[in-house]
Amino acid sequence: MRETDICILGAGPGGATAALHLANAGQRCLLLDRATFPRDKICGDALSGKVVSELRRINENLPPRLAADAAQLPAWGIDFFAPNGRRLGIPFRPHFNKATDPAAGHIAKRIDFDNFLVEEVRQRPEIELLEGVDITQHERTADGRWHLRSADGAIEIKAKILLVANGAQSAFARQIGGHQLEPDHHCAGLRAYYQGVTGLSKDNFIELHFIKEFLPGYLWVFPLPNGQANVGVGMLSKTVSQKKINLRQRLTEILETHPALRERFKDAERLGPVRGFGLPLGSKRRSLSGDAYMLLGDAGSLIDPFSGEGISHAMVSGRHAADWAARALAAHDFSAAFLKGYDVAVYNRLWQELRLSRAMQRLLAFPWLFNVVANRAANNPTLAETISNMFLDLNLRERLRQPSFYVKLLLGSK
């Protein structure tokens, strides 16, 4: 039986970030994961500028160390492909210089990035990391502590507070946190690795293809080191169910027949199987905490509903969970009422962005409008730069929710 003040379930980006912030504050914790690192995680593998920012909050040396790692590529922007095939290139910074500017984002396989964080965890004596431990039982005892037990019964833990960061399939989030799968707020995704895809951006722009016959879903192509690429599709689970869509079949068909992709994939080799995963989206505001627990990252349903980004949101929640765990210990108050402060902190940081992404997700029902934006931006450098800045400035992005923005576009006044 191990006894600890703070126990963290899951050593992915959310759990590892929480542990590292606790260590920075001099607070010990127990970090568990059912896998042994390095381990794979099905994902798009893109690391946004928000990830870089959260790494810097842990340790200023982490972003340059990541940038120097051969397992990543620096990424400088996004190429959106509208339903009419028009490309809209959006740099993460409107005027970037690869020779002098630090990369605004990166692309790295999760097997490498998650291990990058775990290696940092291993250096911290304040963190006890236990790998290969699958916690299947969790109950709150009469003294208010959590009693955890592994599937094989070999590990038992008592903890004052629990940080739950064990992913989209978290049994704790469903059974105790009350997070049920809601098809209108859940995305089904597939991912495969390819070698030899042609036509990738020389600036490592990630590609998002909004194909008319596949809307409201989208296809991505993200370049990776060693000439590889992460290729996948995502679509609301509600739509998949209603239209009885076979995502694996559609992915194959698109890569083999779509005019913009078939030549690029003609001689490409798929590396390993196509793997599926589910994304609980942050398009609905949910409770993130309760008596003596907090939900982090995917376990808290915090994934961006438009881009599918979840890594930075997991790290944001990990930072705030570490803060509120330390506050709860100092106040000797682990009540649901006290820990609501965690929910407030996370949503203060993320909700505006999640709300805007939900609005952008809904725009996919109007492919003609997407075409208008892409056509105008391709011929109007000022508009293109405005859209680029929208990815950095939430106040600018708010304009995407305003009908007047599209009226001006349609009238040609932008």
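Here, every reference points to the structure presented above.
Residues numbered from 1 in each chain as written. Predicted model: local features only at pLDDT ≥ 70, side-chain atom pairs only at ≥ 80, totals over all residues. Heavy atoms only, no water.

**Concerning unusual backbone geometry**
Then step 1. For the peptide bond that leads from Phe 37 to Pro 38, omega is 0°, which places it in the cis range.
Then step 2. At the junction of Leu 215 and Pro 216, the peptide bond is cis and its omega measures out at 10° in the coordinates.
Then step 3. Tracing the chain through its elements places Pro 216 in the loop between strand 13 (206–209) and strand 14 (218–223).
Then step 4. With a phi close to 75°, Asp 45 is a non-glycine residue in the positive phi region.
Then step 5. As for its placement among the helices and strands, Asp 45 is situated in the loop between strand 2 (29–33) and strand 3 (46–47).
Then step 6. Positive phi outside glycine occurs at Ser 301, with the angle close to 55°.
Then step 7. Tracing the backbone through its elements, the reader meets Ser 301 in the loop between strand 18 (293–295) and helix 9 (311–331). (Helix = DSSP H or I, 4+ residues; strand = E, 2+ residues; numbered from the N terminus.)

**Let's talk about the sheet that holds strand 3**
Then step 1. With antiparallel pairing, three strands are arranged side by side in an open sheet as 3-7-4. Sheet topology places strand 3 and strand 4 (72–75) at the edges, where each strand pairs with a single neighbour.
Then step 2. The sheet contact formed by strand 3 and strand 7 (residues 105–108) spans two bridges and is antiparallel. Residue pairing across strands places Ala 46 opposite Ile 107, the latter belonging to strand 7. (Pairing = 2+ DSSP bridges.)

**Overview of helix 1 (residues 13–24)**
Then step 1. The terminal C-alpha atoms of helix 1, which comprises 12 residues, lie 16 Å apart, in line with the 16 Å expected from a rise of 1.5 Å per residue.
Then step 2. Taken as a whole, helix 1 has its buried residues at Pro 13, Gly 14, Gly 15, Ala 16, Thr 17, Ala 18, Ala 19, Leu 20, His 21, Leu 22 and Ala 23.
Then step 3. Two residues or fewer past helix 1, Gly 26 is found with a positive phi of approximately 80°. (Expected span 1.5 Å × (residues − 1). Buried < 20%, exposed > 50% of the residue type's maximum accessible area, 1.4 Å probe, protein only.)

**Digging into the layout of surface pockets**
Then step 1. When its volume is computed, the second largest pocket comes out at roughly 280 Å³.
Then step 2. Lining the second largest pocket are 20 residues; nearest its centre among them are Pro 216, Leu 236, Gln 361, Arg 362 and Leu 364.
Then step 3. Only strand 15 (228–236) and helix 10 (336–363) provide two or more residues apiece to the lining of the second largest pocket.
Then step 4. A per-class count over the lining of the second largest pocket returns 12 nonpolar, three polar and five charged. (1 Å grid on protein atoms, 1.4 Å probe; cavity = no way out; pocket = protein on both sides within 12 Å on 5 of 7 lines; lining within 4 Å. Points joined across faces, edges and corners; volume = space filled by probe spheres on them. Nonpolar A, V, L, I, M, F, W, Y, C, P; charged D, E, K, R; others polar.)

**Re the nonpolar core**
Then step 1. In terms of nonpolar packing, the biggest core is built from 71 residues, with Phe 113, Leu 163 and Met 294 touching the most fellow members.
Then step 2. Counting residues per element, this core draws most heavily on helix 9, which supplies nine residues.
Then step 3. Ignoring any residue separated from it by four or fewer positions in sequence, one finds Phe 113 in contact with Pro 13, Leu 47, Val 51, Leu 55, Leu 66, Ala 108, Ile 311 and Met 315.
Then step 4. Of all hydrophobic cores here, the second largest spans 31 residues; its members include Ile 78, Ile 90, Cys 187 and Ile 303. (Core = buried A, V, L, I, M, F, W, Y, C linked by side-chain atoms within 4.5 Å. Contact = heavy atoms within 4.5 Å.)

**Remarks on the environment of Arg 140**
Then step 1. Relative to the helices and strands, Arg 140 is located in strand 9 (residues 135–140).
Then step 2. With 18 residues separating them along the chain, Arg 140 and Lys 158 place their C-alpha atoms 9.3 Å apart.
Then step 3. With sequence-adjacent residues up to four places away left out, Arg 140 is seen in contact with Arg 145, Trp 146, Asp 291 and Ala 292.
Then step 4. A distance of 2.8 Å separates a polar atom in the side chain of Arg 140 from the backbone oxygen of Gly 144. (Polar contact = N/O pair within 3.5 Å; in protein donor to acceptor, adjacent residues only side chain to side chain.)

**Things to note about empty space enclosed by the protein**
Then step 1. According to the stated counting rule, one finds two cavities of 30 Å³ or more in the structure shown.
Then step 2. Around the second largest cavity, the lining residues are Leu 66, Asp 69, Ala 71, Gln 72, Ala 108, Asp 112, Phe 113 and Phe 116.
Then step 3. Looking at the lining of the second largest cavity, the element that brings in the most residues is helix 4 (residues 110–122), giving three residues.

**Points about the sheet that holds strand 16 (residues 269–280)**
Then step 1. One open sheet holds the seven strands; their spatial order is 6-5-13-14-15-12-16, and the pairing between them is mixed. Two strands in the sheet have a free side with no partner beyond their single neighbour: strand 6 (87–91) and strand 16. Across the sheet, the mean angle from the axis of one strand to that of its neighbour is 20°, orientation sign disregarded.
Then step 2. Of the pairings in the sheet, the one linking strand 5 (residues 77–81) to strand 6 comprises five bridges and is antiparallel in character. Pairing of Ile 78 across the sheet is with Ile 90, part of strand 6. (Axes fitted to C-alpha atoms, helices over the stretch in contact; angles between N-to-C directions.)

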